[in-house]
Amino acid sequence: MDNKNDIEMRKLLVSISSRIGPEDLKTMKFFCKEIIPAKHREEIETAVDLFEKLEERGKLKPDDMSFLELLLENTCAGRTDLVEILHKYKNGDRANRNTTFSNGVKYESVPREESAANEEGVSEREDLSSIFYFLANNLGRDYLMVLRRLRVPDSILDQLVEVHPRNVKEVTHQAFKYWYQSNYETASQEKIIQALQAEKRYDLASKISQKDI
């Protein structure tokens, strides 16, 4: 039987899906092409169908909705309302953690750090967000080869360029976030440093290593 956190996550997904139209769904499916094979993408007719496929592949979890955030930020034609709904779920009211959406759905949010701490033997993921911002502002055109070193598919890079034309900083930032979510267990600062060194960006690798960012 599903536990309470799973049920509340699905309430959130239903709330978001009710606001997603056919064109947004088409873009979202395209964004997930490296995760969901073409045959299975053809079966997706609604946002709920897409979320189900992502949940099956471990991309949506009650205590980690960061891939969904990445997906919404890069599709849905700048629909900030969808991201705001997700942020309410992730953050909630720290005092009582009760939130009600505009459609009446109510849930008790559980901050990720607390839920992770309650799971015996589970350690926190390395927070690389400051490194991503630093690289977005300093890597420049070298972003392409560095991200290839990290095995980010060219199809994802091409798509981000299409979504964020003439904005190398945003493409770089979103690409590193994609890499982070696609390599849940292994993404680390050390791997970024190795990729930078392989592309002879010793200047940036040194700053990250020395935490001078």
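Starting afresh in each chain, residues are numbered from 1 along the sequence in its written order. Selection of residues for local features in this predicted model requires a pLDDT of at least 70, selection of side-chain atom pairs for listing and counting requires 80 or more, and totals for whole chains, interfaces and linings are taken over all residues. Here the side-chain values reflect all heavy atoms present in the structure, with hydrogen atoms and water set aside.

1. Observations concerning the side chain of histidine 164
Part 1 of the argument: Among the secondary structure elements, histidine 164 is positioned in the loop between α10 (154-163) and α11 (168-182).
Part 2 of the argument: The classification of residues rests on relative accessible area computed with a 1.4 Å probe and restricted to protein chains. Under 20% of the type maximum is buried, over 50% is exposed, and intermediate values are partly exposed. The class of histidine 164 is buried, set by a relative accessible area of 14%. Helix and strand assignments come from DSSP, with helices taken as H or I runs of at least 4 residues and strands as E runs of at least 2, each series counted from the N terminus.

2. Points about the nonpolar core
Part 1 of the argument: Throughout this description, the term nonpolar core refers to a set of buried Ala, Val, Leu, Ile, Met, Phe, Trp, Tyr and Cys residues connected via side-chain atoms within 4.5 Å. With 57 residues, the main nonpolar core has Phe51, Leu54, Leu68, Phe176, Trp179 and Ile192 as its most contacted residues.
Part 2 of the argument: Per element, the largest residue contribution to this core is six residues, and it comes from α11.
Part 3 of the argument: Those residues within four positions of leucine 68 in sequence are excluded, and the remaining contacts are Leu13, Ile16, Phe51, Leu60 and Leu86. In what follows, a contact means two residues having at least one pair of non-hydrogen atoms within 4.5 Å.

3. Focus: the pattern of salt bridges
Close approach of charged atoms lets side chains of opposite charge pair.
Part 1 of the argument: A side-chain nitrogen of Lys or Arg and a carboxyl oxygen of Asp or Glu constitute a salt bridge if their distance falls within 4 Å. In total, this model carries ten salt bridges according to the counting rule given.
Part 2 of the argument: Put simply, arginine 57 and glutamate 56 hold a salt bridge, and the shortest N to O gap is 3.7 Å.
Part 3 of the argument: Accessibility expressed as a relative area gives 29% for arginine 57, which makes it partly exposed.
Part 4 of the argument: A relative accessible area of 55% places glutamate 56 in the exposed class.
Part 5 of the argument: A salt bridge links aspartate 154 to arginine 148; the nearest nitrogen and oxygen atoms lie 2.9 Å apart.
Part 6 of the argument: Put simply, Asp142, Arg201 and Asp203 are held in one network by salt bridges that share partners.

4. A short note on the packing of helix α2 (residues 22-31) against helix α4 (residues 47-56)
Part 1 of the argument: Their axes nearest at 10 Å, the elements α2 and α4 cross at an angle of 20°. Overall, the two elements α2 and α4 adopt an arrangement that is roughly parallel. Taken as a pair, α2 and α4 cross one another with a handedness that is left-handed. Where α2 abuts α4, its residues Leu25, Met28 and Lys29 lie against Ala47, Leu50 and Phe51.
Part 2 of the argument: Amino acid classes used here: Ala, Val, Leu, Ile, Met, Phe, Trp, Tyr, Cys and Pro are nonpolar; Asp, Glu, Lys and Arg are charged; the rest, including Gly, are polar. Partitioning the contact of α2 with α4 into residue classes produces five nonpolar, no polar and one charged. Where helices are involved, their axes are fitted lines through C-alpha atoms of the stretch in contact, as for all axes, and angles between N-to-C directions lie from 0 to 180°. Working rule for angles: under 35 degrees goes down as roughly parallel, over 145 as roughly antiparallel, 65 to 115 as roughly perpendicular, anything else as oblique. The handedness criterion is simple: a crossing whose near helix is rotated anticlockwise from the far helix by less than a right angle is left-handed, and one whose near helix is rotated clockwise is right-handed.

5. Considerations on unusual backbone geometry
Part 1 of the argument: Backbone geometry places arginine 151, a non-glycine residue, at a positive phi of 65°.
Part 2 of the argument: By the secondary structure assignment, arginine 151 is in the loop between α9 (143-149) and α10.

6. Section: the environment of lysine 33
Part 1 of the argument: Assignment of secondary structure puts lysine 33 in the loop between α2 and α3 (38-41).
Part 2 of the argument: For the pair lysine 33 and isoleucine 156, spaced 123 residues apart in sequence, the C-alpha separation works out to 8.7 Å.

7. Quick word on the confidence of the model for the protein
Close inspection of predicted coordinates is inappropriate in any region flagged by low pLDDT.
Part 1 of the argument: Values of pLDDT, the confidence the predictor places in each residue, fall between 0 and 100. Residues with a pLDDT of 70 or more make up 83% of the protein, whose mean pLDDT is 81.
Part 2 of the argument: Confidence drops under pLDDT 50 across residues 93-123; counting only partners more than four residues distant or on other chains, this segment forms 50 contacts.

8. Here we look at the environment of alanine 136
Part 1 of the argument: Position of alanine 136 relative to the elements: it lies in helix α8 (residues 129-138).
Part 2 of the argument: In this structure alanine 136 comes out as buried when scored by relative accessible area, which is 8%.
Part 3 of the argument: When the C-alpha positions of alanine 136 and histidine 173 are compared, they lie 5.2 Å apart, and in sequence the two are 37 residues distant.
Part 4 of the argument: With residues near it in sequence (within four places) discarded, alanine 136 still touches Lys169, Thr172 and His173.

9. Structural notes on the side chain of asparagine 74
Part 1 of the argument: Here asparagine 74 shows up in helix α5 (residues 66-74).
Part 2 of the argument: With relative accessibility at 2%, the residue asparagine 74 sits in the buried group.
Part 3 of the argument: Contact partners of asparagine 74, with chain neighbours within four places excluded, come to Phe31, Leu160, Val163, His164 and Gln174.

10. Concerning the packing of α8 against helix α12 (residues 189-198)
Part 1 of the argument: Across the interface, α8 lies against α12 with an axial gap of 11 Å and an inter-helix angle of 20°. Compared by their axis directions, α8 and α12 come out roughly parallel. As for the relative orientation of α8 and α12, their crossing is left-handed in sense. Facing Ile131, Phe132 and Leu135 of α8, the residues of α12 in contact are Gln189, Ile192 and Leu196.
Part 2 of the argument: Its residues placed into classes, the contact of α8 with α12 shows five nonpolar, one polar and no charged.

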